[in-house]
Amino acid sequence: KKARMKVWGLLIIMLSVASSEILEDDHLCVRCDLISESDEQALVAIYNALQMDLSPFCHSLTCINYRNVTALSLDRAHVKGTLATEIGLLTSLRSLVLRSINITGTIPTEIGQLSSLSKLQFLQVGFTGVIPTEIGSLKNVTYLMIANEEYYLPFADNIINITGTIPTELGKLTALQFLSIRGTTLSGTIPTELGNITELLQLCVQKREEEEKRDERKKRRVKRYEQREERRAKREERMETLNRKIGSHIFA
């Protein structure tokens, strides 16, 4: 109860600061006397489960008419917890973006209840488990990414460690235009059901093992470059020594 009052206390302060400005359809604040009961329950549960500071959590929210949350975006935030199953209560959510945060646990199956969702991005997030088949219920999704960045893989703590296969249910996402599942340890083949997505414009599916091989090739290229630079430096050193010797003979 105290955590809930603390949440709404700061959100009301944010509202009072914004109230003197011209308001558009979407706002970065929520008002406890207007927000829907289900969104209120979801926000309190998500905040408590993430175990993060209140201010960045509040600023990660976008709402319409102060009543329903339409976007939740956490990028490089200090997170120590999980993504609460109550995320499924945010039925007006259009965009869910989690990037470079150390969330633990699995992707909640309740994600499949976000019927308004058009963008879902999990990039460099510490999820484990499998891709829930319930994602196939997101009929309005046009952008879906579940990935690790190749550059950060060797030294990042917050990486997606999902296993299993690509769910055939993704073939039901007929509105999907962009699909990226890369840098993971998924096995199996690309489901033929993805051929049902007639709107798909870009598809990127890549296993982590392949990226690790690419990392190894990069390391070999760097090593060869360093060896060339070392040989060049030795040649220049020999030439300088030779020039000094020639110069000493000329002026002797």
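Everything below is about the structure printed above this text.
Residues numbered from 1 in each chain as written. Predicted model: local features only at pLDDT ≥ 70, side-chain atom pairs only at ≥ 80, totals over all residues. Heavy atoms only, no water.

(A) Examining the overall build of the protein more closely. When you go through the protein residue by residue, the secondary structure sums to 4 helices and 10 strands. Along the chain direction, N to C, the helices and strands of the protein fall in the order α-β-α-α-β-β-β-β-β-β-β-β-β-α. Counting across all 252 residues of the protein, residues that qualify as buried make up 41%. In the protein, of all internal contacts separated by at least 6 residues, the share reaching a separation of at least 24 is 65%. Accessible area for the protein stands at about 14000 Å²; split by element, carbon and sulfur atoms hold 51% of it. (Helix = DSSP H or I, 4+ residues; strand = E, 2+ residues; numbered from the N terminus. Buried < 20%, exposed > 50% of the residue type's maximum accessible area, 1.4 Å probe, protein only. Contact = heavy atoms within 4.5 Å. Areas by Shrake-Rupley, 256 points an atom, 1.4 Å probe, with all protein chains shown as cover.)

(B) Here's a closer look at the pairing of strand β5 (residues 119-125). The element β5 is largely enclosed, with a buried count of 6 among its 7 residues. Two strands pair when backbone bridges link them, and strand β4 (residues 95-101) and β5 are joined in this way by 6 bridges, in the parallel orientation. Residue pairing in the sheet places L98 in a bridge with F122 of β5. Note: β5 against strand β7 (residues 143-147), 5 bridges, orientation parallel. (Pairing = 2+ DSSP bridges.)

(C) Inspection of the nonpolar core at higher detail. Counting 50 residues, the largest nonpolar core has I87, L96, L98, I111, F122, I135 and L144 as the members making the most contacts within it. Going through the elements one at a time, α2 (37-50), β3 (68-75), β4, β5, β7 and β9 (178-184) are the ones with two or more residues in this core. Looking at this core, the element that brings in the most residues is α2, giving 7 residues. Non-local contacts of L96, meaning those with residues more than four positions away in its chain, are made with L72, I87, I111, L114, L117, K119, L120, Q121 and F122. (Core = buried A, V, L, I, M, F, W, Y, C linked by side-chain atoms within 4.5 Å.)

(D) Local environment of α2. Spanning 14 residues, α2 covers 20 Å between terminal C-alpha atoms, matching the ideal 20 Å at 1.5 Å per step. In terms of residue burial, α2 counts as a mostly covered element, since 10 of its 14 residues are buried. Inspection of α2 places D39, E40, A42, L43, V44, A45, I46, Y47, A49 and L50 among the buried residues, and these make up the whole buried set. Backbone geometry just after α2 places Q51 at a positive phi near 55°. (Expected span 1.5 Å × (residues − 1).)

(E) Region of interest: the packing of aromatic side chains. For the structure shown, the criterion picks out 2 aromatic pairs. With centroids separated by 4.5 Å and ring planes inclined at 10°, the aromatic side chains of Y143 and F178 adopt a geometry described as stacked. Here F178 lies in strand β9 and Y143 lies in strand β7, a separation of 35 residues in the sequence. Relative accessible area serves as the criterion here: at 22%, Y143 is assigned to the partly exposed category. (Phe/Tyr/Trp six-rings, centres within 6.5 Å; stacked < 30°, edge-to-face > 60°.)

(F) The arrangement of the environment of P167 in detail. Checked against the element boundaries, P167 lands in the loop between β8 (161-162) and β9. Since its relative accessible area comes to 6%, P167 is described here as buried. The spatial distance from the C-alpha of P167 to the C-alpha of G136 is 8.2 Å, given a sequence separation of 31 residues. If we skip the residues at most four places from it in the chain, P167 touches I131, P132, T133 and P191.

(G) Expanded view of the side chain of T184. In this fold, T184 is placed in strand β9. Within polar-contact distance, the side chain of T184 engages the backbone nitrogen of L186 at 3.4 Å. (Polar contact = N/O pair within 3.5 Å; in protein donor to acceptor, adjacent residues only side chain to side chain.)

(H) Main features of unusual backbone geometry. Positive phi outside glycine occurs at S100, with the angle close to 55°. Inspection of the secondary structure puts S100 in strand β4. Look at S100 and you get partly exposed, because its relative accessible area is 23%. Its identity is not glycine, yet Q124 carries a phi of approximately 55°, on the positive side. For Q124, the location among the structural elements is in strand β5.

(I) Structural detail: the pattern of salt bridges. Taken as a whole, this structure holds 4 salt bridges when the rule is applied. Between R99 and D75 there is a salt bridge; the shortest N-O distance is 3.3 Å. One end of the pair, R99, is in strand β4; the other, D75, is in strand β3, and 24 residues separate them in sequence. A salt bridge links E230 to K234, with the shortest nitrogen-to-oxygen separation between them at 3.6 Å. A residue pair is termed a helical-turn pair when its members lie 3 or 4 positions apart in one helix, as E230 and K234 do in helix α4 (residues 208-250) at 4 residues. Under the relative-accessibility criterion, E230 is labelled partly exposed at 44%. Sharing partners across several salt bridges, the network here consists of E229, R232 and E236. (Salt bridge = Lys/Arg side-chain N within 4 Å of Asp/Glu carboxyl O.)

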